[in-house]
Amino acid sequence: MEVKIMKNIMHANEKLAGENRDYFQKKGIKAVNIMASPGSGKTSTILKLIEAFGDRASVAVVEGDIASSIDAEKIDSLGKPVIQINTGGGCHLDANMIKVAVDSLNLSDGAILFIENVGNLVCPSSFDLGEGIKMVIASVPEGHDKPYKYTSMFELADIIVLNKTDLMPYIDFDRESFYKGVRALNEKSEIIEVSCKTGEGVDKLAQWLLQLSV
Amino acid sequence: MVVNYYMHEYAVTQSMLNIALEEAKRAGASKILEIRLVIGDLSTILDDSVQMYFDIMSEGTPAQGAKLVFNRVKAQFRCRECGEVFIKPPKGFDCPRCGGLGMPTEKGKEFYIESLEVD
């Protein structure tokens, strides 16, 4: 006997993501899911943004990593609430992990919640966390071909941060090709170039996040 | 907070198995013979990996020994210039007809269970 189903396999995750989304919206929380390769500067971007916000925003952070608490300790040293999730080998965060983490963070209304996903340009794109903003960070040394290889990631981004622009003179990064690839997939996303090393562009990115309405 | 699980496909397979078991139960079936999946090429899933996890997870459930059928859907892009719909070329997004810049469509993102064969 055949049983017709037509049900999305990600159904369970999406249901929980929906609950997270409702919670964030109710409290006016800007939840930013940060997705990028390992070493592209996810943690550095968060640290720079915290500095740039000053007292203009209440910030909390969820740090996702396969192992270690190196990143969480850096956030903690700035005195910001942080939860470390170790996925024990898992390649992405899912909506349930965020739900559990958020329960213990006690976020204030209107806060900015940075969720640093596991460093990986593939898997995190399939798992909705209920975030309001999907931020993808690409860095100059990774090369301009990333949008062509990881299409889903660049297609769903609300904002793309091109980091390490200070390295541009030393690396054969074809800016035009990068932008063309991004725009083929995603006409709407904001693209902001920054250097976490020199601080260039960080204020612009901070401003973009602060002015965003959720 | 430590969460112990591994590849992407582990979570996906668990979710798929749960849906299949639930739907089979609802249909009053005692055995699942086949699970037919529709998976777009842009959804980041390896068939072999799903099959491997499935064989382990389904042990002792009504889905044990079920055959997984993967219906793969190619990623389609649409040309912004001439409207041509084409299979995404291995390199880039350019339209094979006029060279214009293609944009993604919904084809290639499928990720669902189409049906079950049960007893």
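Residues numbered from 1 in each chain as written. Chains lettered and ligands numbered in written order. Predicted model: local features only at pLDDT ≥ 70, side-chain atom pairs only at ≥ 80, totals over all residues. Heavy atoms only, no water.

As for the overall build of chain B
Check the secondary structure of chain B and you find 2 helices and 6 strands. Reading chain B from its N terminus to its C terminus gives the helix and strand order α-β-α-β-β-β-β-β. Expected size for 119 residues packed as a compact globule is a radius of gyration near 14 Å; at 18 Å, chain B overshoots this value by more than 25%. Projected onto its principal axes, the C-alpha coordinates of chain B cover approximately 55 × 40 × 20 Å. Within chain B, the proportion of its 119 residues that are buried is 49%. Within chain B, contacts between residues at least 6 apart in sequence are counted, and of these 68% link residues at least 24 apart. Accessible area for chain B stands at about 6,100 Å²; split by element, carbon and sulfur atoms hold 52% of it. Charged side chains in chain B number 14 positive and 17 negative. The centres of these two groups are separated by 6 Å. (Helix = DSSP H or I, 4+ residues; strand = E, 2+ residues; numbered from the N terminus. Rg over C-alpha atoms; globule rule 2.2 N^0.38 Å. Buried < 20%, exposed > 50% of the residue type's maximum accessible area, 1.4 Å probe, protein only. Contact = heavy atoms within 4.5 Å. Areas by Shrake-Rupley, 256 points an atom, 1.4 Å probe, with all protein chains shown as cover. Lys, Arg positive; Asp, Glu negative; His and termini not counted. Charge placed at Lys NZ, Arg CZ, Asp CG, Glu CD.)

Some details on the UniProt feature "domain: CobW/HypB/UreG nucleotide-binding" (unreviewed entry) in chain A
The sites that UniProt annotates as "domain: CobW/HypB/UreG nucleotide-binding" (unreviewed entry) are residues 32-192 of chain A. Annotated as residues 32-192 of chain A, this span is 32% helix and 23% strand, and its ends, taken at the C-alpha atoms, are 15 Å apart. (UniProt positions renumbered as here; feature names shortened; annotations may be inferred.)

Points about the interface of chain A and chain B
Where interface size is given, it is often the accessible area lost as the parts come together that is meant. Each partner contributes to the interface: chain A provides 39 residues, whereas chain B provides 39 residues. The junction of chain A with chain B conceals about 3,400 Å² of combined surface from both sides, 61% of it contributed by carbon and sulfur atoms. On the chain A side of the interface with chain B, the three residues burying the most area are Met 1, Ile 5 and Ile 9 of chain A, jointly 21% of the side's total. On inspection of chain A and its partner chain B, the count reaches 6 salt bridges. For Glu 187 of chain A, the salt bridge is made with Arg 80 of chain B, and the minimal N-O distance between the two is 2.8 Å. Remark: the boundary between chain A and chain B carries 18 residue pairs in polar contact (both at pLDDT 80 or more). Secondary-structure elements contributing two or more residues to the side of chain A that touches chain B are β1 (2-8), α1 (11-26), β4 (82-86), α4 (95-105), α5 (146-149), α6 (151-156) and α7 (175-185) of chain A. (Buried area = accessible area lost by both parts, 1.4 Å probe. Salt bridge = Lys/Arg side-chain N within 4 Å of Asp/Glu carboxyl O. Polar contact = N/O pair within 3.5 Å; in protein donor to acceptor, adjacent residues only side chain to side chain.)

Considerations on the UniProt feature "binding site: Ni(2+)" (unreviewed entry) in chain B
All names here are of chain B. Taking the UniProt record as the reference, the feature "binding site: Ni(2+)" (unreviewed entry) is found at His 8. Mapped onto the fold, His 8 is located in helix α1 (residues 8-26). Using a relative accessible area of 1% as the deciding quantity, one classes His 8 as buried.

Side note on the UniProt feature "binding site: Zn(2+)" (unreviewed entry) in chain B
All names here are of chain B. Those residues carrying the UniProt feature "binding site: Zn(2+)" (unreviewed entry) are Cys 79, Cys 82, Cys 95 and Cys 98 in this numbering. Sequence-wise these annotated residues cover 20 residues; spatially they are packed, their C-alpha atoms never more than 8.5 Å apart. Along the chain, the position of Cys 79 falls in strand β3 (residues 76-79). The contact partners of Cys 79, leaving out residues within four places of it in the chain, are Glu 84, Phe 86, Cys 95, Cys 98, Gly 100, Leu 101 and Gly 102. Tracing the sequence through the fold places Cys 95 in the loop between β4 (85-87) and β5 (102-104). Owing to a relative accessible area of 5%, Cys 95 belongs among the buried residues under this scheme. In this view, Cys 95 contacts Cys 79, Cys 82, Glu 84, Phe 86 and Gly 100; residues no more than four positions away in its chain are not counted.

Digging into the nonpolar core
Counting residues in each nonpolar core, the largest one holds 30 residues, and the members touching the most others are Met 16, Ile 32, Ile 35, Leu 37, Phe 54, Ile 113 and Leu 116 of chain B. Mapped by element, the contributors of at least two residues to this core are β1 of chain A together with α1, β1 (32-40), α2 (47-57), β2 (67-73) and β6 (111-118) of chain B. Per-element tally for this core: the top contributor is α1 of chain B, with 7 residues. Once residues within four sequence positions are removed from consideration, Ile 32 of chain B is found in contact with Ala 20, Leu 21, Ala 24, Pro 62, Ala 63, Ala 66, Leu 116, Glu 117 and Val 118 of chain B. Residues Ile 133, Ile 192, Val 202 and Leu 209 of chain A belong to the second largest nonpolar core, which totals 26 residues. (Core = buried A, V, L, I, M, F, W, Y, C linked by side-chain atoms within 4.5 Å.)

What about the pairing of β3 of chain B?
All names here are of chain B. The side-chain alternation of β3 yields one buried face, formed by Phe 77 and Cys 79, and one unburied face, formed by Gln 76 and Arg 78. Note that β3 and β4 share 3 bridges and pair antiparallel. Each residue of the ladder has a partner; that of Phe 77, found in β4, is Phe 86. The turn linking β3 back onto β4 is made up of 5 residues, and Gly 83 within it adopts a positive phi angle of 85°. Where β3 and β5 come together, 3 bridges link them in antiparallel fashion. (Pairing = 2+ DSSP bridges.)

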